[in-house]
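Chain and residue survey
Chain residues, written in single-letter form:
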Amino acid sequence: SRAGVLTRVEAVAGNCLCAPGQAVAGGELLVSAYTDFGFKTQVTAARAEIYAETVRQAVCVLPEAEQIKTNRTAPRYAVSLLVGRRISLFGADVPEGFYEKETKTRVLTLPGGFSFPLGIAITRICEYDTREEKLRAQDAEDRLLELVQADALRDMIAGTITGCSVRTERSGGCIRLHASLRCEEMIARMQPASLKEAIE
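These numbers were taken from a predicted model, which means no experiment stands behind them. (Residues numbered from 1 in each chain as written. Predicted model: local features only at pLDDT ≥ 70, side-chain atom pairs only at ≥ 80, totals over all residues. Heavy atoms only, no water.)

Counting secondary structure elements, the chain contains one helix and 14 strands. Dimensions along the principal axes, computed over C-alpha positions, put the chain at roughly 90 × 55 × 25 Å. Sorting the 200 residues of the chain into buried and exposed places 25% on the buried side. Per element, the accessible surface of the chain, about 13600 Å² overall, is 53% carbon and sulfur. (Helix = DSSP H or I, 4+ residues; strand = E, 2+ residues; numbered from the N terminus. Buried < 20%, exposed > 50% of the residue type's maximum accessible area, 1.4 Å probe, protein only. Areas by Shrake-Rupley, 256 points an atom, 1.4 Å probe, with all protein chains shown as cover.)

Okay, the packing of aromatic side chains next. Summed over the entire model, instances satisfying the criterion amount to one aromatic pair. Ring centres of Phe98 and Tyr128 lie 5.8 Å apart, and the angle between their planes is 15°; this geometry places the pair in the stacked category. Of this pair, Phe98 sits in strand β11 (residues 98–109) while Tyr128 sits in strand β12 (residues 115–134); the two residues are 30 residues apart in sequence, bridging distant segments of the chain. Geometry around Tyr51 places Arg8 over its ring, the cationic atom sitting 3.9 Å from the centre. Over the aromatic face of Tyr128 sits the side chain of Lys69, whose NZ or CZ is 4.8 Å from the ring centroid. (Phe/Tyr/Trp six-rings, centres within 6.5 Å; stacked < 30°, edge-to-face > 60°. Lys NZ or Arg CZ within 6 Å of the ring centre and 35° of its normal.)

A complete count under the given rule lists zero disulfides for this structure. Cys16 carries a free sulfur, and the closest cysteine sulfur to it, the one in Cys18, is 4.1 Å from it. Cys164 supplies the cysteine sulfur nearest to Cys183, a cysteine that is in no disulfide, at a spacing of 9.4 Å. (Disulfide = S-S within 2.5 Å.)

What follows concerns the sheet that holds strand β7 (residues 47–63). Within a sheet, neighbouring strands are paired by backbone hydrogen bonds and run either parallel or antiparallel to one another. Reading across from one edge, β3-β1-β7-β14-β13 is the order of the five strands in this open sheet, with antiparallel pairing throughout. Since the sheet does not close on itself, it has two edges, and those belong to β3 (23–24) and β13 (159–171), each with one partner. Bridge count for β7 against strand β14 (residues 174–186) is 13 bridges, and the pairing is antiparallel. Of the residues in β14, the one forming a bridge with Tyr51 is Met186. (Pairing = 2+ DSSP bridges.)

Turning our attention to the nonpolar core. In summary, soluble globular proteins display a tendency toward joint burial of nonpolar side chains. The biggest cluster of nonpolar side chains holds 14 residues, and the ones touching the most others in it are Leu135, Leu144, Val148, Ile175, Leu177, Ala179 and Leu181. Those elements that provide at least two residues to this core are β7, α1 (137–155) and β14. Formed by ten residues, the second largest nonpolar core is a distinct cluster that contains Leu6, Ala46, Ile50 and Ala188. (Core = buried A, V, L, I, M, F, W, Y, C linked by side-chain atoms within 4.5 Å.)

With that out of the way, let us pick up α1. Between its first and last C-alpha atoms α1 spans 27 Å; for 19 residues at 1.5 Å apiece the expected length is 27 Å, and the two agree. Considered for burial, the residues of α1 that qualify are Ala140, Leu144, Leu145, Val148 and Ala152. End-on view of α1: buried residues confined to an arc of 125°, all on one side of the axis. Residues of α1 that are exposed and point more than 90 degrees away from the buried face comprise Glu146 and Arg154. Contacts made by the buried residues of α1 are with β7, β13 and β14. (Expected span 1.5 Å × (residues − 1). Arc of directions from axis to C-beta. Contact = heavy atoms within 4.5 Å.)

As paired strands, strand β1 (residues 4–13) and β7 are joined by seven bridges and run antiparallel to one another. Looking at β7, one finds that Ala13 is bridged to Arg47.

Right, let's get into the side chain of Glu185. Structurally, Glu185 can be placed in strand β14. Given a relative accessible area of 0%, Glu185 falls into the buried group. At a separation of 2.6 Å, a polar atom in the side chain of Glu185 contacts the side chain of Thr54. Those residues in contact with Glu185 that lie beyond four places of it in its chain are Arg2, Ile50, Tyr51, Ala52, Thr54, Arg56, Met156, Ala158 and Gly159. (Polar contact = N/O pair within 3.5 Å; in protein donor to acceptor, adjacent residues only side chain to side chain.)

Geometric values such as these leave the question of function open.
What follows is the structure, encoded as structure tokens:
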């Protein structure tokens, strides 16, 4: 799946065409389903685990400043009765500015799972203000590197990141991280073999 230098080759079945220490390109055939014995060709489902040292390049971007929330007041609650429609009991006035709402609904249920069209909704309302805060260079680099490494690990079937080198730059209100990750990962991917017919 990727170019690299092979570190481990464990071919269980098939005709192995590679060995540890060999440099390979992405898309190269490493274990073939076909073994040529001269007088006949044996076809076996190729199975192998092949690991290689690889290099992954990535660029990740964050805005130079982030919005920080600060609670303006203590949370308050609004309660509504549900009887086919919502009837506000108290605390339903809409606050000014920014706020978050979280509603939990409880419906009256009898034993056996029979539900009545009657319930209560409790809404938790948190009002907040926002302020802009510039990211410290080291915090930004740590956060960006964490994102890049998590993305690389998600993309691997198996493997680890063995080292990295990074460079950050600020421009246009953004912080960019240029990362080069050195990895040891499984690069073998199974592909369907095309069946051949020998014509004499």
